[in-house]
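Inside the fold
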Amino acid sequence: MNKNRTLGEFIIENQKHYQATSGEFSRLLSAIKLAAKIVSHKINKAGLIDIVGYSGSTNIQGEDQQKLDIYTNDVFINAITNREVVCGVVSEENDDFIILNDNALHNKYVVLIDPLDGSSNIDVNVPVGTIFSIYKRVTPIGTPVKKEDFLQKGNKQVAAGYIIYGTSTMLVFTTGNGVNGFTLNPAIGSFYLSHSDIKIPSNGNIYSVNEGNYYHFPQGIKEYLKYCQEVKAGVAYTARYIGSMVADFHRNMIKGGIYMYPNCNANYQGKLRLLYECNPIAFITEQAGGKAISGLQRVLDMQPLEIHERSPFYCGSIKMVEKLESFL
Ligand SMILES: O=P(O)(O)OC[C@H]1O[C@](O)(COP(=O)(O)O)[C@@H](O)[C@@H]1O
Ligand SMILES: [Mg+2]
Ligand SMILES: [Mg+2]
């Protein structure tokens, strides 16, 4: 693996895979790359500047918006929209989809983002992330973007990825040709290929779930957790839960494991949002050789009905997810 390869070079070299001739797609990935650098730079000195804590406002999902939720939302939306590479955006922090100005009508991509994933961890210096999902629009080019451009099944994504702001800042993405990870060298300000063609181990012993909700979990989940906690052939599973899905998923993808956010009495539909949390992570999971389900079906085959709809979510090593399925 050529670790001197930058993300910019990788994007250009792989244009042949993007069925994109106009360079629009590469410019879109470059816009996301730029926003990731800006946010990473800010987050790294979060304790020293007025960027942590509650912003005083609430989003459409009734969640308290952290200052960093709003800051990252602005950075990504500005980076994406100022480069006229998309015709519309959906964000966790915006009530409705954003229709861009007339100049953008000829663009063919829409982007859905969770600008800051793991908001509850911002103030305590625990890894957080950004998640993005990209589709080609379904409405005619030259017309204003519509809701149906965003309510596409996850198996129609042309790209998806996340940025993790952790011990290092990494950008991990897929365009349907495997998963690659790039690490930011802050001294140079460039992302370099550090993890090429990532494959999630088919089995593992890490399970990630908020056991604080155990009492409210569906019976099948309770039984699967009991199975995880039983020592089998001298191998005990280990529980790891950071509370930032991007960070929990990233660890499990590298080491083998399963991430679970079940529906429970408090959140009967689950907590995670199908369009900009479950679908992009499910696309990466499958491209890395893992499996992602809602408990009822393959996440990528689910037909979204609402922009901010939620879904139970289980993803990770294929043997672990299949084992979970046997309990559901
Ligand atoms: O605190 P809980 O209920 O376990 O929820 C944690 C989960 O919620 C999330 O923080 C939801 O994402 P946001 O921070 O983007 O709202 C996930 O990253 C995480 O896995
Ligand atoms: Mg999130
Ligand atoms: Mg968020």
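Please read all numbers here as calculations on a predicted model, not as lab measurements.

**Remarks on the coordination of the magnesium ion (ligand 2)**
- At 1.8 to 2.0 Å from the magnesium ion (ligand 2) lie its protein donor atoms, namely Asp 114 (OD), Asp 117 (OD) and Glu 277 (OE).
- Spacing between the donor residues of the magnesium ion (ligand 2) along the chain follows D-x2-D-x159-E.
- Between the magnesium ion (ligand 2) and the magnesium ion (ligand 3), a spacing of 3.6 Å is present, and a bridge between the two is formed by Asp 114. Here Asp 114, found in strand β5 (residues 109–117), pairs with Glu 277, found in helix α6 (residues 274–287); they are 163 residues apart in sequence, far enough to count as distant. For the pair Asp 114 and Glu 277, one class covers both residues: buried.

**Points about the environment of Met 170**
- Relative to the elements of secondary structure, Met 170 occurs in strand β8 (residues 169–174).
- Taking the relative accessible area as the measure of exposure, Met 170 reaches 6% and is therefore buried.
- Once the C-alpha coordinates of Met 170 and Gly 129 are considered, the two residues, 41 residues apart in sequence, prove to be 9.4 Å apart.
- Those residues within four positions of Met 170 in sequence are excluded, and the remaining contacts are Tyr 162, Ile 163, Ile 164, Gly 181, Phe 182, Thr 183, Phe 191, Ser 194, His 195 and His 250.

**Notes on the pairing of strand β7 (residues 159–165)**
- The element β7 is extensively covered by neighbouring structure, given that seven of its seven residues are classed as buried.
- Residue alternation in β7 divides its side chains into two sets, Ala 159, Gly 161, Ile 163 and Tyr 165 and Ala 160, Tyr 162 and Ile 164, and both sets are buried.
- Taken together, the seven bridges between strand β6 (residues 128–136) and β7 define a ladder with antiparallel strand orientation. Bridging across to β7, Val 128 finds its partner in Tyr 165.
- Sheet topology places β7 next to β8; six bridges connect them, and they run antiparallel.

**Quick notes on the UniProt feature "binding site: substrate" (unreviewed entry) in the protein**
- With numbering matched to this structure, UniProt assigns "binding site: substrate" (unreviewed entry) to Asp 117, Gly 118, Ser 119, Ser 120, Asn 210, Tyr 241 and Lys 271. For the largest pocket, the lining residues drawn from the annotated set are Asp 117, Gly 118, Ser 119, Ser 120, Asn 210, Tyr 241 and Lys 271.
- Note that Asp 117 resides in strand β5.
- Among the residues examined, Asp 117 registers a relative accessible area of 5% and is labelled buried.

**Looking at the sheet that holds β6**
- Spatially, eight strands are ordered β4-β3-β5-β6-β7-β8-β9-β10 in an open sheet, and the strand pairing comes out mixed. The sheet terminates laterally at β4 (98–99) and β10 (190–195), the two strands that pair on one side only.
- Both strand β9 (residues 179–185) and β10 contribute to a ladder of five bridges, which runs antiparallel. Looking across to β10, one finds that Leu 184 is bridged to Phe 191.
- Along the sheet face, helix α2 (residues 24–43) touches β3 (86–91), β5, β6, β7, β8, β9 and β10 and points at about 15° away from the line of β7.
- Of the strands in this sheet, β3, β5, β6, β7, β8 and β9 touch α6, which is tilted by about 85° from β6.

Cut-offs and rules
Residues numbered from 1 in each chain as written. Chains lettered and ligands numbered in written order. Predicted model: local features only at pLDDT ≥ 70, side-chain atom pairs only at ≥ 80, totals over all residues. Heavy atoms only, no water. Donors = N, O, S within 2.8 Å, 3.2 Å for Na, K, Ca; no water. Helix = DSSP H or I, 4+ residues; strand = E, 2+ residues; numbered from the N terminus. Buried < 20%, exposed > 50% of the residue type's maximum accessible area, 1.4 Å probe, protein only. Contact = heavy atoms within 4.5 Å. Pairing = 2+ DSSP bridges. UniProt positions renumbered as here; feature names shortened; annotations may be inferred. 1 Å grid on protein atoms, 1.4 Å probe; cavity = no way out; pocket = protein on both sides within 12 Å on 5 of 7 lines; lining within 4 Å. Axes fitted to C-alpha atoms, helices over the stretch in contact; angles between N-to-C directions.

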